[in-house]
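Summary of the model geometry
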Amino acid sequence: MIDKISNLRDAAIGRIKEAVNSAEVEELRVKLLGKKGELTEMLKDLKNMDIEERKQFGQKANALKTELTEIIEGKFKELSVKDVKKSLSSGSNFDISLPGTNFKLGSLHPVTIVQKEIERIFTGMGFNIVDGPEAEEEFFNFEALNIPKHHPARDMQDTYWLENGSLLRTHTSPCQVRAMQKYGAPLKVIAPGRCFRNESTDASHENTFFQLEGMMIDKNVSIANLIYVMKLLLSEVFQRDVKIRLRPGFFPFVEPGFELDLNCMICGGKGCPTCKHSGWIELLPCGMVHPNVLRYGGIDTEEYTGFAFGLGLTRLAMMKYGISDIRVLNSGDLRAMEQFSVR
Ligand code: PHE
């Protein structure tokens, strides 16, 4: 029995050595070690042996299996090196030194990066993320926000009207009323999204831009809560203390209303085209939700109050990354966009 193994070993090693290509080696591997291979067949005899013989034979057979596997692998390697050398010397036009095809990975748009970051901050405070249509109904964009027909405030937000009577939303505020109607109070939501205005474009104005609306409604919500959340938001986004100022601001859907301005980070407050040479950027209009708006949302104004804000996402991204011209963001110019490598 043991002889059978050493005979098989000698013959097998000889045949492997003589093989001239990988196909032959593979054929031998199957013949020797495959399911119906010679060595495998031999192992089937184990069951007819007595214990002592079975032990010896089993050990030898397994050792041979390991040895042959190693020799076969070695032979495969040897042949593949030969194949490459042969193709090089035979003048084949396959150049193994050529670098591989470089697949370019995309990167996130700076506005998306900032949006995700803010979503992370607010979901951490228990806010939900909601959505609304870009082609919005007049009711949600204006009426329900306390901006009736013919109110002069409509002129500040000149928009694109669609033939079916709806319009491209001028802000994300319509999401406030949609969220109140859908979920009721108490409510903590943010609504990021694209907005449109009929603007003449310059370094800080575009007809298409992104805002992020926020709203919190509960019992006893006050301006103190609003200021706290706004400060927390900005210091998290910029990862440092930021200089801000609050001014009274008029928006028909908040009372009182504020403009929260950020010290311009492009020029450090000295004045530049981005901040219209004022040193400040209007970033965060906000205020306490007007009772009329709460009523349109179906909220009991005796029981609940709330604050709302409309963050200029596009502007925030410009501040964070030092982008001085808003038009770059919609330009699709990869030389600009590729700099933001977060994926
Ligand atoms: N929607 C307002 C705008 O686009 C901003 C705003 C939102 C103001 C929420 C107050 C509260 O100008």
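Computed from a predicted structure; not experimentally measured. (Residues numbered from 1 in each chain as written. Predicted model: local features only at pLDDT ≥ 70, side-chain atom pairs only at ≥ 80, totals over all residues. Heavy atoms only, no water.)

Remarks on the site of the ligand
Counted only if it meets this: We call a residue near a given molecule or strand whenever any one of its heavy atoms falls within 4 Å of it. Throughout, the Shrake-Rupley method with a 1.4 Å probe supplies accessible areas, and for residues the shown protein chains are the sole cover considered. The way it works is that DSSP assigns letters per residue, a run of H or I at least four long becomes a helix, a run of E at least two long becomes a strand, and they are numbered from the N terminus. Think of it as three bins: nonpolar holds Ala, Val, Leu, Ile, Met, Phe, Trp, Tyr, Cys and Pro, charged holds Asp, Glu, Lys and Arg, and polar takes everything else, Gly as well.
Near the ligand you find 15 residues, and of these H171, S173, R197, Q211 and G310 are the closest. Coverage of the ligand by the protein chains reaches 95% of its 330 Å² of free accessible surface. Looking at the shell around the ligand, the elements that each hand over two or more residues are β5 (208-218), β8 (280-289) and β9 (305-312). Looking at which element gives the most residues to the shell around the ligand, the answer is β9, with three residues. Of the residues assigned to the shell around the ligand, the class counts are seven nonpolar, six polar and two charged.

Concerning the UniProt feature "binding site: Mg(2+)" (unreviewed entry) in the protein chain
Cut-off, in case you're wondering: UniProt positions are given in the numbering used here, feature names are shortened, and annotations may be inferred rather than shown by experiment. Partly exposed residues are those whose accessible area sits between 20% and 50% of the maximum for their type, while under 20% is buried and over 50% is exposed, using a 1.4 Å probe and protein chains only. Here, two residues are considered to be in contact whenever any of their heavy atoms come within 4.5 Å of each other.
According to UniProt, the feature "binding site: Mg(2+)" (unreviewed entry) maps to E255 in the numbering used here. With respect to the helices and strands, E255 occurs in strand β7 (residues 254-263). A residue is classified by how much of its surface remains accessible, and E255, at 51% relative accessible area, is exposed. With residues near it in sequence (within four places) discarded, E255 still touches M288 and H290.

Considerations on the nonpolar core
We count it as follows: Remark: nonpolar core denotes a set of buried residues (Ala, Val, Leu, Ile, Met, Phe, Trp, Tyr, Cys) joined through side-chain atoms within 4.5 Å.
Judged by nonpolar contacts, the single largest core of 44 residues is most densely connected at I118, L284, F309, L311 and L316. Those elements that place two or more of their residues in this core are α5 (110-124), β5, α8 (223-238), β7, β8, β9, α10 (313-321) and α11 (334-337). When residues in this core are grouped by element, the largest group, seven residues, is from α8. Excluding residues that lie within four positions of it along the chain, F309 makes contacts with F122, I190, L212, E213, G214, M215, M230, L284, P285 and C286. The next biggest cluster of nonpolar side chains, apart from the first, holds 26 residues, and it includes F140, I147, M180 and V189.

Some thoughts on the state of the cysteines
To be explicit about the condition: The disulfide criterion used throughout: a pair of cysteine sulfur atoms within 2.5 Å.
For the coordinates displayed, the defined rule picks out zero disulfides. Free of any disulfide, C175 has its nearest neighbouring cysteine sulfur in C195, separated by 8.1 Å. Judged by its relative accessible area of 4%, C175 falls in the buried class. A disulfide-free cysteine, C286 has its sulfur positioned 17 Å from the sulfur of C195, the nearest such atom.

Focus: the UniProt feature "domain: Aminoacyl-transfer RNA synthetases class-II family profile" (unreviewed entry) in the protein chain
Per the UniProt annotation, the sites labelled "domain: Aminoacyl-transfer RNA synthetases class-II family profile" (unreviewed entry) are residues 114-339. Secondary structure content for residues 114-339 is 27% helix and 27% strand, while the C-alpha to C-alpha distance between its ends is 14 Å.

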